[in-house]
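Observations on chain architecture
The primary structure of each chain is shown beneath.
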Amino acid sequence: MMVRSEQELAALVADAADPLSIRGGNTRGMAGQGAALSVAGLSGIILYEPGALTMVAQAGTPLDEIEAALAQENQRLAFEPMDHRGLVGSQGGPTIGGVFAANVSGPRRIAVGAARDFLLGVRFVDGRGVVVKNGGRVMKNVTGYDLVKLMAGSFGTLGVMSEVSFKVLPRVETQAALVLHGLDDGQAVAAMSRAMGSPFEVTGAAHDPAKGQTVLRVEGFEASVAYRIGRLQTELNGMAGEMTVLTASEAEAFWEKQRDVAVFHGEEGDIWRVSCKPSDAPALLAKAGAEAHLLDWAGGLIWLRMAQGSELRARLDQFDGHATIVRASAQTKARLGVFHPEAAGVAKLTAGLRAQFDPKGVFNAGLMGAVA
Amino acid sequence: MEMPKPDTEVIARKARVVARLLSVLPDDAVIHDERETRAYECDALTAYRCPPMVAVLPSNTQEVSDVLRICHSEGVPVVPRGSGTSLAGGALPTADCVILGVARMNDVIETDYDNRLIRVQTGRTNLSVTGAVEADGFFYAPDPSSQLACAIAGNIAMNSGGAHCLKYGVTTNNLLGVTMVMMDGEVVEIGGGYMDAGGLDLLGLICGSEGQLGVVTEATLRILPTPEGARPVLMGFDDNEVAGACVSDIIKAGVLPVAIEFMDRPCIEATEAFAKAGYPMCEALLIVEVEGSDAEIDHQLALIMEIARRHNPVELRESRSAEESAKIWLGRKSAFGAMGQINDYMCLDGTIPVSALPMVLRRIGEMSQEFGLKVGNVFHAGDGNMHPLILFDANKPGDLELCETFGAEILKLCVEVGGCLTGEHGVGIEKRDLMHVQYAAEDLEAQMAVKDVFDPAWLLNPAKVFPLDASAGRRAVKLAAQ
């Protein structure tokens, strides 16, 4: 099913008795059970004010279209949403609604915030078919409860977004990256923490153990980038043997691959994503027994490639964070649950909210919350 | 301002409630003498006052949980209070309520520089969070004007921001986790030392919920490395519209200042008479601040000044030293006090898309004539958060009401041009009955449905945020159930 207007979407949901699988471009491998309901027909940029750093678009607008419009004004989505297609083997094109529904953020998340931090307003259809709006198109808004945040990262389980308004930022003049060679996971996390704790505005901090490379990104005006790369080299002197510098184009290529976890493309196995305190990462890696891994967010985000069906959460035991399945067989997803189980108090609130917003249980059944 | 009638049955049970509270709290943490409860009769919106039935000052999460459990079983409304600096009446008590103040809970629980976070009890003041880490080269970014006094608990309740949030975001963008006590006394942990919740973003929901969903007793906050330096430039224009265009051009040019502050002529005049900061007399004044190394600051300020020159400023003054920077900020920081010297004032807090700035300022000027009340405008231009200050005489009968009507008209105008009723102060009681202007009935229903989940009996911070008529049904059910 493909809807063409918010009104049509509302009517369809109001009449729905059976589960609906909500999707934009369906490129993230995160659709729930039920009859497919696509919002890709709700497409188009409604308003773009470069001088106010804001854009309003229908939820099904292709991300390509959004990024092209921003590029024309020398602006960008600063939270750098990753492209899941290579990792999960999906086709089609991502949509802006999908980006926010899944709260998809890339390496720059550590410096500028997540997708949810840029979402300013939403219009959505709840499980009764009622159209609700929340937030607006201004940077600061504390008028009532922030349902905007609740919708971001709710994976279409509370409502189907029909329109989003969001904050954009200027593109930077240039970038460069400092590469530290030969560090193990623990040394890399320590070096990345030192860099993030410096005033030199690092906007990406990743570590690839296979290549033995720890990469730090600096962005801004040309002279400032060169200055800050130099200061970082001094700051990290003694923490790594060899250091090299990537030029703007080399750095750009590196971070695009890092963003999309390109090292795991085409490789067998389950893909997991663990959010943790950076300093906990080395110990968690030791417990995980992964076939391969990659660190981002200065160690706060661990990408893992595991043998199929591995029970990662059991191996990690209790920790300050959560583990999500990004790619695995349907059986593994059903057995382990895509999302990390919640503590009882939180689970009760989650269930309560779901009962309020989707009383018929029609949205993305089995995806989020209790294991189906 | 209409408030619901206090529940006389609850007030009749005061002695029992006090006795139960004394069974879980030390004597000096339960304030029930009528002379002493008066200290809690209002927050910074002093036009409205009502002493609470009881005030309690717990010292830790367990005591908060005990208090809430008792109030829940007794059907007593609870009004959480940080430092009481709310400008929207967010901590205004009712005669039948227990005020729960978190002021005694002000410890730093943990600082963790490797992971760039700090965990505090939420009674800690905003500025003292930075105070705990600044010697080690870190700071806590959200900087509401009240930061010397306001508590993190209130910052979370109101999702507070400040002058520097153009770059660093507001509270919700810097909050990693909370320990929260539900109205029934249950303690829940949400988020933690890591980024982005795994399930629904409950943290984002709690932030800005005005103390209506739970009492946050501990918070994990993101801290950032202190920038190498910061410096402002001051620019004056003879036209509001030109100043607005200049703001827009700076943003479009790819420079991201940490602050862009705007003052109009009435505000400049009042400020000069009061603080003597040496501001130029003009229609509109901008203060733009950038951060970084000396070289980077020079580069950014050069770009900004080049843009400003294209708009024919009447004054362009780049700071060259810490003293000059302080002088440039002096007037802006004294603006509220300066307006207060002239008369009583009401400080509004609406937001608008930056593009609507000239039109909105013009309309406010016209309305000022119509209402016969003077207005000065000072605001965060980078993010469109306006603070019109309406002058009135509190001793003159009818002036406050006239001022309120005028204020409401300005906020309606903000919504009309695509903005919102409040950018950082919150709804509280002040804008409660204007919520219909921004939100349709079903939009408010969706928000109230959230409260039904977190606080089914509607006991936490009652009669705030939602228009009384919109919440009447739910409050009536609660009363009938007792």
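All figures in this text were calculated on a predicted structure; none of them were measured in a lab.

Turning to the overall build of chain A, a few remarks are in order. Secondary structure summary: chain A contains 14 helices and 17 strands in total. Counting all 372 residues of chain A, 61% fall into the buried class. Within chain A, contacts between residues at least 6 apart in sequence are counted, and of these 71% link residues at least 24 apart. Separation between the mean location of the 35 positive side-chain charges and that of the 39 negative ones in chain A comes to 4 Å.

Looking now at the environment of D27 of chain B. Residue position: D27 of chain B is located in the loop between α2 (14-22) and β1 (30-31). In the structure, D27 of chain B is positioned 29 residues away from V56 of chain B in sequence and 9.8 Å away in space, judged by C-alpha atoms.

Looking now at the side chain of D443 of chain B. Looking at where D443 of chain B falls in the secondary structure, it is placed in helix α16 (residues 441-454). The buried category is assigned to D443 of chain B, whose relative accessible area is 3%. For D443 of chain B, the side chain forms a polar contact with the main-chain nitrogen of K133 of chain A, separated by 2.8 Å. The contact partners of D443 of chain B, leaving out residues within four places of it in the chain, are V131, V132 and K133 of chain A.

All names here are of chain A. According to the stated counting rule, one finds 13 aromatic pairs over all chains in the structure shown. When the centroid spacing of 4.9 Å and the interplanar angle of 65° are considered together, the rings of F155 and F339 count as edge-to-face. Taken as a pair, F155 in the loop between α7 (147-151) and β8 (159-167) and F339 in the loop between α13 (330-336) and α14 (344-357) lie far apart in primary sequence, 184 residues in all. A relative accessible area of 14% means that F155 is categorised as buried.

Structurally, R273 of chain A is set in strand β14 (residues 270-276). The buried charged residue R273 of chain A lacks any salt bridge partner; its closest oppositely charged side chain belongs to D196 of chain B, at an N-O distance of 5.1 Å. The residues touching R273 of chain A, leaving out its near neighbours within four places in the chain, are W297, L301, I302, W303, H322, A323, T324 and V326 of chain A.

For the rest of this paragraph, the subject is the pairing of strand β15 (residues 292-296) of chain A. Residue and element names in this part refer to chain A. In terms of burial, β15 is a largely internal element, five of the five residues being buried. Here β15 shows no split at all, with A292, L294 and D296 on one side and H293 and L295 on the other all buried. Where β15 lies against strand β16 (residues 301-306), five bridges are found, and the strand directions are antiparallel. What sits directly across from L295, in β16, is I302. In this structure, the hairpin formed by β15 and β16 is closed by a connection of four residues, where W297 is found at a positive phi of approximately 50°.

What follows deals with the interface of chain B and chain A. Listed by partner, the interface residues are 92 residues for chain B and 73 residues for chain A. For the pair chain B and chain A, the summed buried area comes to about 6400 Å², and 58% of that belongs to carbon and sulfur atoms. When residues of chain B are sorted by the area they lose upon contact with chain A, M195, D196 and L200 of chain B head the list and together hold 11% of the total. In this structure, K348 of chain A engages E186 of chain B in a salt bridge whose closest nitrogen and oxygen atoms are separated by 2.9 Å. The tally of links from chain B across to chain A stands at 30 residue pairs in polar contact (both at pLDDT 80 or more). Considering every element that reaches the side of chain B that touches chain A, the biggest residue donor is α16 of chain B, with ten residues. Considering only residue class, the side of chain B that touches chain A consists of 40 nonpolar, 31 polar and 21 charged.

Another aspect to go through is the domain arrangement of chain B. Residue and element names in this part refer to chain B. In terms of domains, chain B is made up of domain 1 (108-225) and domain 2 (231-432). On the side of domain 2, 15 residues touch domain 1, which itself brings eleven residues to the contact. For the pair domain 1 and domain 2, the two sides together bury roughly 1100 Å², of which 53% comes from carbon and sulfur. Its largest share of buried area at the contact with domain 2, domain 1 owes to A163, H164 and L166, together 47% of the area lost on that side.

As a packed pair, α14 of chain A and α16 of chain B sit with axes 9 Å apart at the nearest point and diverge in direction by 145°. The crossing of α14 of chain A and α16 of chain B is right-handed. Where α14 of chain A approaches α16 of chain B, its residues L349, G352, L353, Q356 and F357 of chain A are matched on the opposing element by A446, A449, V450, D452, V453 and F454 of chain B. Residues of the contact of α14 of chain A with α16 of chain B, tallied by class, amount to eight nonpolar, two polar and one charged.

The feature "domain: FAD-binding PCMH-type" (unreviewed entry), as annotated in UniProt, sits at residues 48-226 of chain B in this numbering. Within residues 48-226 of chain B, the helical portion is 21% and the strand portion 25%, while the C-alpha atoms at the span's ends are 40 Å from each other.

Thresholds, definitions, all that
- Residues numbered from 1 in each chain as written.
- Chains lettered and ligands numbered in written order.
- Predicted model: local features only at pLDDT ≥ 70, side-chain atom pairs only at ≥ 80, totals over all residues.
- Heavy atoms only, no water.
- Helix = DSSP H or I, 4+ residues; strand = E, 2+ residues; numbered from the N terminus.
- Buried < 20%, exposed > 50% of the residue type's maximum accessible area, 1.4 Å probe, protein only.
- Contact = heavy atoms within 4.5 Å.
- Lys, Arg positive; Asp, Glu negative; His and termini not counted.
- Charge placed at Lys NZ, Arg CZ, Asp CG, Glu CD.
- Polar contact = N/O pair within 3.5 Å; in protein donor to acceptor, adjacent residues only side chain to side chain.
- Phe/Tyr/Trp six-rings, centres within 6.5 Å; stacked < 30°, edge-to-face > 60°.
- Salt bridge = Lys/Arg side-chain N within 4 Å of Asp/Glu carboxyl O.
- Pairing = 2+ DSSP bridges.
- Buried area = accessible area lost by both parts, 1.4 Å probe.
- Nonpolar A, V, L, I, M, F, W, Y, C, P; charged D, E, K, R; others polar.
- Domains from an automatic or database assignment.
- Axes fitted to C-alpha atoms, helices over the stretch in contact; angles between N-to-C directions.
- Left-handed = near helix turned anticlockwise from the far one by under 90°.
- UniProt positions renumbered as here; feature names shortened; annotations may be inferred.

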